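# Working through the structure, step by step
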Amino acid sequence: MRDITLGILGAGYWGPNLIRSFAETPGCEVRYVCDLRPELLAKISKRFHQVKVSTRFDDLLNDPEVDAIVIATPAATHAELAMRALSAGKHVLVEKPLAHEVEAGEKLVRFAETQKRILMVGHTFEYNPAVRKLHDIIRDPSFGDIVYLYSRRVNLGVLRQDVNALWNLAPHDVSIILYLFEEYPQYVSAQGLAHIRKGVEDVAFMYLEFPSGRIASVHVSWLDPSKDRTMTVIGSRRMVIYDDVDPEARLKIYDRGFEIESVMSGLDHADPSSYTYRVRPGDIIAPYIDWKEPLMIECRHFVEVIRNGGVPLTDGHNGLRVVRILAAATASMRQNGRRIEIPSLVKT
Ligand SMILES: NC(=O)c1ccc[n+]([C@@H]2O[C@H](COP(=O)([O-])OP(=O)(O)OC[C@H]3O[C@@H](n4cnc5c(N)ncnc54)[C@H](O)[C@@H]3O)[C@@H](O)[C@H]2O)c1
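Residues numbered from 1 in each chain as written. Predicted model: local features only at pLDDT ≥ 70, side-chain atom pairs only at ≥ 80, totals over all residues. Heavy atoms only, no water.

This brings us to the overall build of the protein chain. Helix and strand content of the protein chain: 9 helices and 17 strands. Over its C-alpha trace the protein chain gives a radius of gyration of 22 Å, about what one expects of a compact globule, namely 20 Å for 348 residues. For the protein chain, the C-alpha atoms occupy an extent of roughly 80 × 45 × 40 Å along the three principal directions. Put simply, 68% of the contacts in the protein chain that link residues at least 6 apart link residues at least 24 apart. Accessible area for the protein chain stands at about 16500 Å²; split by element, carbon and sulfur atoms hold 52% of it. Of the charged side chains in the protein chain, 43 are positive and 45 negative; the average position of the first set lies 4 Å away from that of the second. (Helix = DSSP H or I, 4+ residues; strand = E, 2+ residues; numbered from the N terminus. Rg over C-alpha atoms; globule rule 2.2 N^0.38 Å. Contact = heavy atoms within 4.5 Å. Areas by Shrake-Rupley, 256 points an atom, 1.4 Å probe, with all protein chains shown as cover. Lys, Arg positive; Asp, Glu negative; His and termini not counted. Charge placed at Lys NZ, Arg CZ, Asp CG, Glu CD.)

Rendered as structure tokens:
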């Protein structure tokens, strides 16, 4: 059986991680890397001797042996480049976000289906063993009901100009939240601030409300003194903190909460004067995580789905759900944080 042959577009910050991961993925060959900047291609040639480099996307598209295109270019270019790849009959793995506008994302999803090509989005965190473990922890009855979640993805830099901090950073948080909650939000409100570059928000606060009554809050910024990648989930019985930059203890489960204590003999749930709430102290547990690099898992998954058929975990519909939420959050931001109803999911 011949290897799945790939062309990778974009050799900036993230592209080389994809090139390395696919180069190490069994059953696949990275045949081309394309970037508009020859000096980046020269570096790729030095590091990956067997890979052909080109500044012309058409070289990749016109090679009939190229099965799939991987797109790691700036977010604003994703939709157009992915459409060109699908039109040439290639499978596509596009970095997050799938597109920068809902309509462009919908077109891509529909087109991939008519072309019978795989469209997968690089929502890497859904392949992250810590996020998967977090899912299992909060779905376990011992966690109680999931009440709310808040997430911080902040540090100093990298300053983008094609998209704001919301579109650059929050795709990760939104994809994780949809995966954890298994639920689609009904309302969003968001506010942002463009301090460094005019018109491009460096910081954004987004607030999501779900039909179950759960809420999730997301703070993203590239204007912050220190790097913070934490997500806290509060359950009715336990709480958990996921810290992506703490390899020693990415997850910490707090067996703590509140419990009812009677203030007189005979606790009567119908009579609030008969009881009070007291903090229930308890252990902090850092569970073992069978760690594997998320990007490697994602790359293997893409190759397997091309080879064996099936639907990728982070398919075009998955990517489109994230785009819809970010688009509604952007509309809210443009209206000073007005609470906006997120269009319900319709089949694209
Ligand atoms: N999944 C993740 O964890 C993760 C992490 C970082 C970045 N990303 C995503 O990866 C993508 C790239 O981000 P980055 O930080 O590497 O950006 P970058 O600006 O460092 O690199 C992008 C590269 O694309 C090239 N490029 C632009 N248009 C092109 C075209 N038409 N043809 C060929 N090359 C073209 C540029 O010359 C540049 O070298 C973004 O979509 C970003 O959201 C994902």
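More follows now that the structure is in view.
Close contacts around the ligand come from 22 residues, with W14, D35, H78, T124 and R160 the closest. Within the side chain of D35, an N or O atom sits 2.6 Å from an oxygen atom of the ligand. Here the ligand has 850 Å² of accessible area as a free molecule, and 84% of this is covered by the chains. (Near = heavy atom within 4 Å. Polar contact = N/O pair within 3.5 Å; in protein donor to acceptor, adjacent residues only side chain to side chain.)

Quick look at the sheet that holds strand β17 (residues 340-341) now. In any sheet, the strands associate via hydrogen bonds between backbone groups, in a parallel or an antiparallel arrangement. Here we have 9 strands laid out as an open sheet, ordered β16-β13-β12-β11-β7-β10-β9-β8-β17, and mixed in their pairing. Each edge of the open sheet carries a strand with a single partner, namely β16 (284-285) and β17. Sheet topology places strand β7 (residues 146-156) next to strand β10 (residues 215-221); 7 bridges connect them, and they run parallel. Within β10, the residue paired with Y148 across the bridge is I215. Strands in contact with helix α9 (residues 316-334) are β8 (187-193), β9 (203-209) and β17; relative to β8, the strand with the most contacts, it is inclined by about 60°. (Pairing = 2+ DSSP bridges. Axes fitted to C-alpha atoms, helices over the stretch in contact; angles between N-to-C directions.)

Bringing the packing of helix α5 (residues 102-115) against α9 into the picture now. Packing of α5 against α9 leaves a shortest axis separation of 9 Å and a crossing angle of 170°. What the angle tells us is that α5 and α9 run roughly antiparallel. Contacts between α5 and α9 involve V102, G105, E106, V109 and E113 from the first element and G316, H317, L320, V323, R324 and A327 from the second. (Parallel < 35°, antiparallel > 145°, perpendicular 65-115°, else oblique.)

Moving on: the sheet that holds strand β3 (residues 52-54). Taken in spatial order, the 6 strands line up as β3-β2-β1-β4-β5-β6 in an open sheet, and their pairing is parallel. Each edge of the open sheet is held by one strand with a lone partner, namely β3 and β6 (119-122). Between one strand and the next, the sheet's axes are offset by a mean angle of 20°, whatever the strand orientation. Across 6 bridges, strand β1 (residues 4-9) lies against strand β2 (residues 28-34) in parallel orientation. In the sheet register, L6 faces β2, and the bridge partner there is V30. On the sheet, helix α1 (residues 15-23) packs against β1, β2, β4 (68-71) and β5 (91-95) and is oriented at approximately 160° with respect to β2. Lying on the sheet, helix α8 (residues 294-308) is in contact with β1, β2, β4, β5 and β6; it crosses β5 at an angle near 160°.

Following the criterion strictly, the structure yields 20 salt bridges and no others. When the shortest N-O distance is used, the salt bridge between R139 and E182 registers 3.8 Å. Of this pair, R139 sits in helix α6 (residues 129-139) while E182 sits in the loop between α7 (165-181) and β8, and the two are 43 residues apart along the sequence. Between R278 and E261 there is a salt bridge, with its nearest N and O atoms 3.3 Å apart. One end of the pair, R278, is in strand β15 (residues 275-280); the other, E261, is in strand β14 (residues 257-262), with 17 residues separating them in the sequence. Look at R278 and you get partly exposed, because its relative accessible area is 34%. (Salt bridge = Lys/Arg side-chain N within 4 Å of Asp/Glu carboxyl O. Buried < 20%, exposed > 50% of the residue type's maximum accessible area, 1.4 Å probe, protein only.)

It is worth stressing that arrangement in space is one thing and function is another; only the former is reported here.
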